[in-house]
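Topology and contacts: notes
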Amino acid sequence: MATLGLASAALAHTPLCSCYDNGDGTVLCEGGFSDGSSASGVKMSVQDASGNVLIEGAIDENGEYSFDKPEGAFTVNFEGGEGHSIVIKSDEIY
């Protein structure tokens, strides 16, 4: 039985999320899972450097999430559940 549990863990899907500065004051994030499953509905949030939530939303049916780019440093959080979260810092968004 332990072997079956390990096999299931090895086949689990990994979250994927990348964000891009559109150059027009907005940011576009694309999200999904490594097994090809949709991230539609996955909660997204944007927080300032102090951890205050500035913007909340969700990945749409096209696997995208767009928001107005905040001033200063911020983080984008892909909140796909336990073990499926990604944090992207603003200085990693080009």
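This report concerns the structure included in the present document.

**Topic: the sheet that holds strand β4 (residues 53-58)**
If you trace the 4 strands from one edge of the open sheet to the other, you get β4-β3-β6-β7, paired in antiparallel fashion. Strands with a single pairing partner mark the edges of an open sheet, and in this sheet they are β4 and β7 (85-89). On average, each strand axis in the sheet is inclined to that of its neighbour by 15 degrees, with strand direction left out of account. Across 6 bridges, strand β3 (residues 43-48) lies against strand β6 (residues 74-79) in antiparallel orientation. When the sheet's bridge partners are listed, Ser45 is paired in β6 with Asn77.

**Observations regarding the sheet that holds strand β2 (residues 26-33)**
Taken in spatial order, the 3 strands line up as β1-β2-β5 in an open sheet, and their pairing is antiparallel. Both outer strands of the open sheet, β1 (15-21) and β5 (64-68), are each paired with one neighbouring strand and no more. On average, adjacent strands in this sheet sit at an angle of 20 degrees to one another, irrespective of strand direction. Pairing of β2 with β5 involves 5 bridges; the strand directions are antiparallel. Each bridged residue has a counterpart across the sheet, and for Thr26 the counterpart in β5 is Asp68.

Calculation notes
- Residues numbered from 1 in each chain as written.
- Predicted model: local features only at pLDDT ≥ 70, side-chain atom pairs only at ≥ 80, totals over all residues.
- Heavy atoms only, no water.
- Pairing = 2+ DSSP bridges.
- Helix = DSSP H or I, 4+ residues; strand = E, 2+ residues; numbered from the N terminus.
- Axes fitted to C-alpha atoms, helices over the stretch in contact; angles between N-to-C directions.

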